Amino acid sequence: MNITIIGNYPPRSCGISTFTENLVRALQANFTKNDNDRLEVIAMNDPDAEYPYPAVVTGTIPQNDIEAYRATARRINASDTDVVILQHEYGIFGGERGTHILELVKLLKKPLTVTFHTVLDKPDFLQKQIMQDICEKAQKAVVMSEKAVEFLQKIYKVPAAKIVEIEHGVPDCVTDSREKLREKFGFGDKKIMMTFGLLGRGKGIQTGVKALVEIAKTHPNIEYWVLGKTHPHVIKHEGEAYRDELTAIAKAGGVADKLKYVNEFIDENLLCDYLRAADIYVLPYPNEAQITSGTLSYAVGAGAAVVSTPFWHATELLAKGRGRFFDFSNPTDLAAQVNDLLNNPQELHKLRYNACEYGATLSWKKKGADYLETFREAIDNFSAEEEETEKQTDMKLPALNSRHLRLLTDKTGIIQHAKYGFPNFEEGYCTDDNGRALIAVSAFYEENQDPKYLELLSIYMAYLHYMQRDDGKFRNFLSFDRRFLDEEGSQDSFARAVWGLGNLQVKDVPAGYRHAAQEMFDKAFSTFDKVHHLRAVAYLILGSADYLVAHPDAKDKREKIKSMADMLCKNFDKHSTEADWQWFDSHLTYANALLPASLFAASRLFDKDEKYLKTAKKAMSFLEEVTLSGGHFTPVGCHGFYTKGDECPRFDQQPIDATKSVIMYLHAYEATQNAAYLDKAKLCFEWFTGKNDLGLSLYNERNGGCYDGLTAHGVNQNQGAESTLAFWIARAAIKNYNEDFSETKKRNESGNTPSTIPVGLLKNKKKKSPAAKKPEPMMQVHKKPAKTYPTVAPVYQKTHLSFSFYRKD
């Protein structure tokens with residue numbers, strides 16, 4: 001087996017380093033004799049630090065160098081590594097809460113096992129998300145206590161099958177007799193109380209020093225030995241201030257001569273000697289939130305008599321008479337426990353015996369065998385997952401999950417922005433997002449007819465109705481306390497609202513919603529002439545095209561689409577004066593694919609109008625050279641956008657661009673029947689799920705949200721409405737073509753790939769017409785009685801997202 005371990009490693013001084021070194025030895029001790037096993041360590045480096053590592057360390061990752069994480073993943077993927085074992089502790093990785101490690105994990109294409117050294121019971125949003133993201137990718141998650149197993153399942157929702165409990169290993173303590181050891185350290189007849197570990201305020205040692213004052217009154221020959229250097233991070237920020245404070249407490253209590261320091265990093269053999277020589281080992285952690293303690297495991301393994309606060313790991317390891325407890329931050333209680341044991345040698349001996357007996361089960365060699373068995377299971381699980389993926393014929397799409405949309409939505413509408421995964425009320429609402437929400441949520445309802453989606457649809461419709469002015473235009477921004485923040489919204493916001501209202505005309509939702517949307521659309525139509533921004537025009541074309549599917553006799557809408565499509569073509573001709581710039585203006589900005597998409601739709605409306613189709617193809621080909629040349633979708637970055645003659649910015653990449661590109665290629669497919677466009681639509685959708693420049697997924701499978709973008713440093717962790725709706729609109733569009741993706745894959749595998757797909761386009765099953773459903777009550781958003789509208793018999797068999805996604809039966 002070839003194993004790669006990622007974590008801290010000596011000579012870096014910390015508990016993770018010691019753990020990783022011991023794990024390496026434990027695994028090597030279990031290797032077979034045929035020399036076919038290989039083990040390497042990739043060490044995490046402190047910022048601005050370099051260490052003289054031993055030969056087993058074959059690479060390093062500077063903590064704050066995000067590109068190093070990606071490069072390491074690529075290196076491992078290209079190697080013969082069979083399994084990767086990650087040592088996880090938030091603080092050893094770069095980024096907020098250690099997010100940089102996700103860059104490596106999500107790019108990794110090898111079986112992964114992770115050991116969690118910290119499992120919090122009250123994680124903040126980002127801490128929880130990091131753990132869940134890692135566990136989602138890992139085949140096995142190792143923790144060292146029953147409490148940690150419980151937390152992973154209940155708090156982080158990790159499947160039980162992924163979780164393995166392997167207790168913290170301990171070295172084999174082969175030492176001289178206790179008497180010789182006490183003589184070696186000069187303890188004589190003194191009573192020795194001991195604590196060890198890297199010194200820091202979180203260890204609670206001040207409680208031990210204060211207890212020393214009380215214990216000395218009963219046992220004047222007591223000494224409190226504190227073993228270990230001050231933690232390097234503590235030294236960096238405050239020097240030896242904490243150690244000085246401990247000394248001051250001892251001086252104030254008159255026991256300064258009884259407080260002894262061994263201010264050095266203690267190796268394991270010497271540590272075992274100290275632990276066996278001491279009378280009582282004290283663990284004064286100030287709170288219960290300690291899921292794993294290596295120092296406690298070592299003390300039990302050495303057969304020490306332990307007195308500890310009841311933190312999580314201690315309550316398990318010291319159960320059944322293997323130790324004693326005192327209350328948190330209570331030196332009086334600690335002193336009472338220590339005095340009682342010193343006064344009862346038989347009880348003290350019993351604690352040592354029980355600890356030693358259990359400690360024998362914790363040897364590192366035994367734990368190494370447990371880890372190797374876990375690695376084998378991880379490799380088997382990884383192979384099974386790959387085999388299952390190979391069997392997929394349809395494009396695997398995430399299941400419907402409206403949890404985040406519902407979280408962002410209140411009685412007024414959908415909140416436009418989020419802070420991480422919760423709504424940012426300060427930013428209020430906007431018409432753009434509520435218009436988009438009509439498209440996404442009506443698609444949800446079509447998929448499974450759940451009434452909760454109609455409740456959401458009612459809210460978004462009511463918002464648009466409230467924001468529409470008497471002249472048909474829309475205000476855009478509304479504060480959280482429902483104050484209008486503008487008198488007239490942008491052309492884009494107006495057009496997105498119209499897109500949503502037009503799209504609702506062809507959705508299989510109760511008639512009242514379609515009628516209300518038609519009334520608002522008709523009211524807005526009178527102001528179409530005032531729209532001249534290119535993307536707004538494209539949205540209006542798409543919305544009007546959908547409207548015409550439901551209302552084919554609306555000649556005014558048809559004529560308007562033609563004039564708007566002509567306008568786009570004129571702009572294209574004006575700016576496409578050079579072979580290397582075939583676009584509608586001198587910039588590529590946001591939602592670029594929307595422009596050719598609208599012309600593909602127009603070409604179908606006007607019987608494949610050659611001008612519209614030719615312009616759409618030219619623009620799409622030019623955009624494709626910019627966004628698909630790397631083998632995956634790379635949208636134009638929004639940091640400066642792309643100006644003719646300049647370099648195209650790579651970041652930040654936004655979900656709206658992936659969605660519009662999906663829509664563009666599906667439009668192109670419907671207009672040309674060229675199967676290659678289906679593959680490109682799929683490629684653009686996969687940008688959401690990790691096939692992008694950083695290999696990171698933007699879709700949050702746990703809550704149905706979508707992150708706000710891809711930056712040079714990783715994923716923007718906020719999950720706002722625009723991004724989340726962009727994902728679900730893209731997913732709704734691509735879903736309707738899954739059968740066609742299957743046909744394409746079968747043909748590709750058979751080596752027979754025609755330029756069009758004649759099979760799979762015509763369906764025998766005719767979808768039930770919305771008009772055939774039993775009439776439902778009108779939605780109450782009108783100020784006056786609603787008009788009576790004629791029923792519409794759809795001429796298209798399959799409900800798709802936009803006009804060009806409808807197919808004649």
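Anyway, here's the lowdown on the structure attached to this text.

How each quantity is defined
Residue positions are counted from 1 within each chain, in the order its sequence is given. This being a predicted model, a pLDDT of at least 70 is required before a residue's local features are given, and a value of 80 or more before pairs of side-chain atoms are given or counted; all residues contribute to the totals for chains, interfaces and linings. As a rule here, side-chain values cover all heavy atoms of the structure and leave hydrogens and water aside. Think of it this way: any DSSP run of H or I at least four residues long counts as a helix, any run of E at least two long counts as a strand, and we number them from the N terminus. Burial classes: relative accessible area under 20% of the type maximum marks a residue as buried, over 50% as exposed, and values in between as partly exposed (1.4 Å probe, protein chains only). Contacts: residue pairs with any heavy atoms within 4.5 Å of one another. For the area figures, the Shrake-Rupley method with a 1.4 Å probe applies, and any residue is considered shielded solely by the protein chains shown. Axis lines are fitted to C-alpha atoms, over the contacting stretch for helices. Their N-to-C directions set the angle, which ranges from 0 to 180 degrees. Here the angle decides the label: under 35 degrees means roughly parallel, over 145 means roughly antiparallel, 65 to 115 means roughly perpendicular, and every other value means oblique. Crossings are classed by handedness, with left-handed meaning an anticlockwise turn of the near helix from the far one by less than a right angle and right-handed meaning a clockwise turn. Amino acids are sorted into nonpolar (Ala, Val, Leu, Ile, Met, Phe, Trp, Tyr, Cys and Pro), charged (Asp, Glu, Lys and Arg) and polar (every other residue, Gly among them). Should DSSP find at least two bridges between two strands, the strands are taken to pair. Viewed with both strands pointing away, a crossover whose connecting path from the first strand over the helix to the second turns clockwise is right-handed. What counts as a ring pair is set by centres within 6.5 Å for rings of Phe, Tyr and Trp (its six-membered ring), and what kind of pair is set by the plane angle: stacked under 30 degrees, edge-to-face over 60, tilted for all other angles. Charge over a ring is defined by NZ of Lys or CZ of Arg lying within 6 Å of the ring centre and within 35 degrees of the ring normal. Put simply, a nonpolar core is a bunch of buried Ala, Val, Leu, Ile, Met, Phe, Trp, Tyr and Cys residues held in one set by side-chain atoms that sit within 4.5 Å of each other. Using a 1 Å grid laid over the protein atoms alone, points where a 1.4 Å probe fits but cannot get out form a cavity; open sets with protein on both sides within 12 Å along at least 5 of 7 lines form a pocket; any residue with an atom within 4 Å of a point counts as lining. Grid points are joined across faces, edges and corners, and a volume is the space filled by probe spheres set on the points. What counts as a salt bridge is simple: a side-chain nitrogen of Lys or Arg found within 4 Å of a carboxyl oxygen of Asp or Glu.

**Points about the overall build of the chain**
Inference 1: For the chain, the helix and strand inventory stands at 28 helices and 23 strands.
Inference 2: The 809 residues of the chain split such that 59% are buried.
Inference 3: Look at the contacts in the chain between residues 6 or more apart in sequence, and 70% of them connect residues 24 or more apart.
Inference 4: Total accessible area on the chain is roughly 33,100 Å²; 49% of this is exposed by carbon and sulfur atoms.

**Details of the packing of helix α17 (residues 431-448) against helix α27 (residues 721-735)**
Inference 1: Interhelical geometry of α17 versus α27 gives an angle of 40° and a closest axis separation of 9 Å. Taken together, the axes of α17 and α27 are oblique relative to one another. Crossing geometry of α17 relative to α27 is assigned as left-handed. Between α17 and α27, the contacting residues are D433, R436, A437, I439, A440, A443, F444 and E447 on the first element and A721, E722, L725, W728, I729, R731, A732 and K735 on the second.
Inference 2: The class makeup of the residues in the contact of α17 with α27 is 10 nonpolar, no polar and 6 charged.

**Some points on the pairing of strand β9 (residues 222-227)**
Inference 1: For β9, a buried count of 6 out of 6 residues is recorded, marking the element as mostly surrounded by other parts of the structure.
Inference 2: The two faces of β9 match: I222, Y224 and V226 on one face and E223, W225 and L227 on the other face are all buried.
Inference 3: Relative to β9, strand β8 (residues 191-196) runs parallel, the two being bridged by 6 bridges. Within β9, the residue paired with M193 across the bridge is Y224.
Inference 4: Considered for its hand, the β-α-β crossover made up of β8, helix α7 (residues 205-218) and β9 is right-handed.
Inference 5: Relative to strand β10 (residues 259-262), β9 is paired through 4 bridges, and the arrangement is parallel. Following the sheet pairing, W225 is matched in β10 by K260.

**A few points about the sheet that holds strand β3 (residues 57-62)**
Inference 1: An order of β3-β2-β1-β4-β5-β6-β7 is seen for the 7 strands of this open sheet, with the pairing classed as parallel. Every other strand in the sheet has two partners, leaving β3 and β7 (163-165) as the edge strands with one partner each. If you compare each strand with its neighbour and ignore which way they point, the axes differ by 20° on average.
Inference 2: Two strands pair when backbone bridges link them, and strand β1 (residues 2-7) and strand β2 (residues 38-45) are joined in this way by 6 bridges, in the parallel orientation. Note on β2: the bridge partner recorded for N2 is R38.
Inference 3: Those strands touched by helix α5 (residues 146-154) are β6 (140-143) and β7, and its axis lies near 170° from that of β7.

**Comments concerning the sheet that holds β10**
Strand pairing within a sheet occurs via backbone hydrogen bonds; the two strands may be parallel or antiparallel.
Inference 1: Pairing within the open sheet is parallel, and its 6 strands lie in the order β10-β9-β8-β11-β12-β13. Lying at the two open borders of the sheet, with one neighbouring strand each, are β10 and β13 (324-325).
Inference 2: Along the sheet, helix α11 (residues 294-301) makes contact with β8, β11 (280-283) and β12 (306-308), crossing β11 at roughly 165°.

**A short note on the pairing of β6**
Inference 1: Both faces of β6 are covered, namely the face carrying K140 and V142 and the face carrying A141 and V143.
Inference 2: Handedness of the crossover joining strand β5 (residues 112-116) and β6 through helix α4 (residues 125-137): right-handed.
Inference 3: Judged from the 3 bridges that link them, β6 and β7 form a sheet pairing that is parallel. Within β7, the residue paired with V143 across the bridge is E165.
Inference 4: Considered for its hand, the β-α-β crossover made up of β6, α5 and β7 is right-handed.

**Quick notes on the environment of A440**
Inference 1: Position of A440 relative to the elements: it lies in helix α17.
Inference 2: Look past the residues within four positions of A440 in its chain and what remains in contact with it is L725, W728 and I729.

**Here we look at the packing of aromatic side chains**
Inference 1: On inspection of all chains with the given rule, the structure shows 38 aromatic pairs.
Inference 2: Their ring planes at 80° and their centres at 5.0 Å tell us that W583 and F584 sit as a pair that is edge-to-face.
Inference 3: Given a relative accessible area of 0%, W583 falls into the buried group.
Inference 4: We classify F584 as buried; its relative accessible area is 0%.
Inference 5: Site record: aromatic cluster; members linked through ring pairs are F444, Y453, F685, W687, F688, Y699, F727 and W728.
Inference 6: Residue placement shows R475 over the ring face of F484; its charged tip is 4.1 Å from the ring centre.

**Details of the nonpolar core**
Inference 1: Counting residues in hydrophobic clusters, the biggest one holds 123 residues, and the most contacted among them are M461, L501, W583 and F584.
Inference 2: Looking at which element gives the most residues to this core, the answer is helix α21 (residues 534-550), with 11 residues.
Inference 3: Residues contacting F584, with those up to four places away along its chain left out, are L534, L568, N571, F572, H575, L595, P596, L599, T615 and A619.
Inference 4: In this structure, A26, L27, L227 and L296 belong to the second largest nonpolar core, which totals 57 residues.

**Considerations on empty space enclosed by the protein**
Inference 1: Scanning the entire structure with this criterion turns up 2 cavities of 30 Å³ or more.
Inference 2: The space that makes up the largest cavity amounts to roughly 80 Å³.
Inference 3: What lines the largest cavity is a set of 13 residues, and nearest its centre among them are T195, F196, K203, I205 and Y285.
Inference 4: If you list the elements that add at least two residues to the lining of the largest cavity, you get β8 and β9.
Inference 5: By residue class, the composition of the lining of the largest cavity is 9 nonpolar, 3 polar and 1 charged.

**Quick look at unusual backbone geometry**
Inference 1: Of note, the bond from P10 into P11 is cis; its omega dihedral lies within 30 degrees of zero at 20°.
Inference 2: Along the chain, the position of P11 falls in the loop between β1 and α1 (15-30).
Inference 3: Cis geometry is found at the peptide bond from F651 to D652, where omega equals -5°.
Inference 4: When you line up the elements, D652 lands in the loop between β19 (642-643) and α25 (655-672).
Inference 5: Positive phi is not limited to glycine here, since S329 has a value of about 55°.
Inference 6: With respect to the secondary-structure elements, S329 resides in the loop between β13 and α13 (331-343).
Inference 7: For S329, a relative accessible area of 47% puts it in the partly exposed group.

**Thoughts on the packing of α17 against helix α19 (residues 491-504)**
Inference 1: Direction vectors running N to C along α17 and α19 enclose 20°, while the axes themselves pass 7 Å from each other. Taken as axis vectors, α17 and α19 run roughly parallel relative to one another. Crossing hand, α17 versus α19: left-handed. Where α17 approaches α19, its residues T431, D432, G435, R436, L438, I439 and S442 are matched on the opposing element by D492, S493, R496, A497, W499, G500, L501, N503 and L504.
Inference 2: Across the contact of α17 with α19, the residue classes break down as 6 nonpolar, 6 polar and 4 charged.

**Some remarks on the pattern of salt bridges**
Inference 1: For the coordinates displayed, the defined rule picks out 49 salt bridges.
Inference 2: Measuring nitrogen to oxygen at the nearest pair gives 3.1 Å for the salt bridge that ties R201 to E238. With R201 in the loop between β8 and α7 and E238 in helix α8 (residues 232-238), this residue pair connects regions lying 37 residues apart in the sequence.
Inference 3: A residue is classified by how much of its surface remains accessible, and R201, at 37% relative accessible area, is partly exposed.
Inference 4: Among the residues examined, E238 registers a relative accessible area of 31% and is labelled partly exposed.
Inference 5: Through salt bridges with shared partners, a single network forms among R38, E40, R75 and D80.

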